[in-house]
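Results of the structural survey
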Amino acid sequence: MRLASEMKNLGEEMVASFKQRIRENEELVIEVQKTLDGFRKDHQEMAAALRSGLDTGEKTRMKEFDILMKSINNSKVERLKEFNILMKSIKEEISEIFKYTNDLIAKFDKEHMEMSAELRKNLSAFDKEHMEMSAELRKNLSAGEVERLEEFNVMMKGIQNDKVERLKEFVALMKNINEEILRIFKYTHDLLPKFDKEHMEMSVELRKNLANGEVERLKEYNEVMKNIKKTVAGLLSDFAQDRGELSAAWKKITDILAQLRKTAVAPPMQSGKKEVKKVAPVEAKVEAPVDVELKVEPKPEVPMTLEGKVLDYINKHPNGVKISEMEVPLGETRMKLGFTAKALLDERKVQKVENVYFPLK
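Residues numbered from 1 in each chain as written. Predicted model: local features only at pLDDT ≥ 70, side-chain atom pairs only at ≥ 80, totals over all residues. Heavy atoms only, no water.

With that settled, consider the overall build of the protein. Summing up its helical and strand segments, the protein has five helices and two strands in all. Starting at the N terminus, the α and β elements of the protein follow one another as α-α-α-α-α-β-β. Expressed as a percentage of the 361 residues in the protein, the buried residues total 12%. Expressed as a percentage of contacts within the protein between residues at least 6 apart in sequence, the contacts between residues at least 24 apart total 68%. (Helix = DSSP H or I, 4+ residues; strand = E, 2+ residues; numbered from the N terminus. Buried < 20%, exposed > 50% of the residue type's maximum accessible area, 1.4 Å probe, protein only. Contact = heavy atoms within 4.5 Å.)

Next up, the structure:
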């Protein structure tokens, strides 16, 4: 359904673009025709003016030429004056910038020298303080060496005494551990026969329950397989329907484009000639393309499958969920839910840690 709607939108955009290009071509043809008419009119006016000028005589043309040359010379003189004024102002501005730059560099050099002198002064003071601290540190280390040795001997004696005490505590602890182990061994030995008896009873009960539930599990398995086949068949049917709708939509688009190409007729271009004749512009008649609406029938809604329900439930629990926790909310048996969750895990749509299913990150 989504692919069919996208194809429909693409077809509508292509048709609209083709119509827009046709309108632009029509406007371009009209503008070119108007320009050619303007050229013809200007050419005729220039020819008439030229004939009129030739009839006035050589003397009149010479006077007009002299007047024109005088106006051109005056204009050149004015532009030259303006250019000289502009160059003068540019040179003055450049000289000011050069002067400001030199002053700034001199100021920077002065500040750099002052900072260097201050830094050398601070470094000399730091070296002096460092030498004094080194001498004081050597004096303190030599004076305190004897005291540290005495403290170390006292500490070693305390450590040895502490070791003896911890060794005594360890022996007493091991004795208690051995007694506890013997007690646990005796209790376990007495408890094993009871466990064997209960295990036998549970085995008999389990075999009985398994024999009774085998038929139910087979029924549930057959129901799950039936639902899977039904879901696959529905998906294949939807895919075939979408493919048919896409083919029909694409055929309609190609038909509309072909119709637009046939109806868009451009007027013939007129070749230029030496003799200019005034010809009325011919308006190109373009038939309006027929708007064909692409109709795509809506696809019926498909109910969510059990796999979709389980995937949606797991995605809504980022802290993880067990199979037993999904029985009541989804209303399905544990066997169906386990089979569906295993399929999602094989398809790498979810992840599993021990018995807990988590959304795929």
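As a further point, take the nonpolar core. If you look at the biggest cluster of nonpolar residues, it comprises 12 residues: V310, Y313, I314, V321, I323, M326, L330, L337, A341, L344, V350 and Y357. Only α3 (306–315) and α5 (334–346) provide two or more residues apiece to this core. Ignoring anything within four residues of it in the chain, the contact list for Y313 reads V321, E325, M326, P329 and L330. Core analysis: the next-biggest nonpolar cluster, separate from the first, contains seven residues, F18, I253, L257 and L260 among them. (Core = buried A, V, L, I, M, F, W, Y, C linked by side-chain atoms within 4.5 Å.)

Along α3, the residues that are buried comprise V310, Y313 and I314. Looking down the long axis of α3, one finds its buried residues gathered within 100° of arc, a one-sided arrangement. The elements touched by buried residues of α3 are α4 (327–330), α5, β1 (350–353) and β2 (356–359). (Arc of directions from axis to C-beta.)

Under the definition given, this model contains eight salt bridges. Taken together, the salt bridges that share partners define one network made up of E307, E347 and K349. (Salt bridge = Lys/Arg side-chain N within 4 Å of Asp/Glu carboxyl O.)

With that settled, the discussion passes to the side chain of R40. Here R40 lies in helix α1 (residues 2–56). There is a polar contact of 2.6 Å between the side chain of R40 and the side chain of D37. (Polar contact = N/O pair within 3.5 Å; in protein donor to acceptor, adjacent residues only side chain to side chain.)

A word on the pairing of β1. Of the pairings in the sheet, the one linking β1 to β2 comprises four bridges and is antiparallel in character. Paired with V350 across the two strands is P359, which belongs to β2. (Pairing = 2+ DSSP bridges.)

On to the packing of α3 against α5. α5 packs onto α3 with a crossing angle of 75° between their chain directions and a minimal axis gap of 10 Å. The orientation of α3 with respect to α5, classified from their angle, is roughly perpendicular. Of the residues in α5, those in contact with L306, E307, V310 and L311 of α3 are K336, L337, T340 and L344. Looking at side-chain class alone, the contact of α3 with α5 contains five nonpolar, one polar and two charged residues. (Axes fitted to C-alpha atoms, helices over the stretch in contact; angles between N-to-C directions. Parallel < 35°, antiparallel > 145°, perpendicular 65-115°, else oblique. Nonpolar A, V, L, I, M, F, W, Y, C, P; charged D, E, K, R; others polar.)

Attention now goes to α5. Across its 13 residues, α5 extends 18 Å between first and last C-alpha, which sits within 8% of the 18 Å expected from 1.5 Å per residue. Taken residue by residue, α5 has K336, L337, T340, A341 and L344 as its buried positions. Taken down its axis, α5 places every buried residue within 125° of arc, on the same side. Two residues or fewer after α5 comes R348, characterised by a positive phi angle close to 60°. (Expected span 1.5 Å × (residues − 1).)

The next thing to look at is a nonpolar patch on the surface. A cluster of nonpolar residues, L167, F170, V171, L173, M174, I177 and I181, forms a patch on the protein surface that exposes about 650 Å² of accessible area. Overall, the relative accessible area of 54% leaves L167 in the exposed class. (Patch = residues over 30% accessible without salt bridge, like charges linked within 9 Å, V, L, I, M, F, W, Y side chains within 5 Å. Areas by Shrake-Rupley, 256 points an atom, 1.4 Å probe, with all protein chains shown as cover.)

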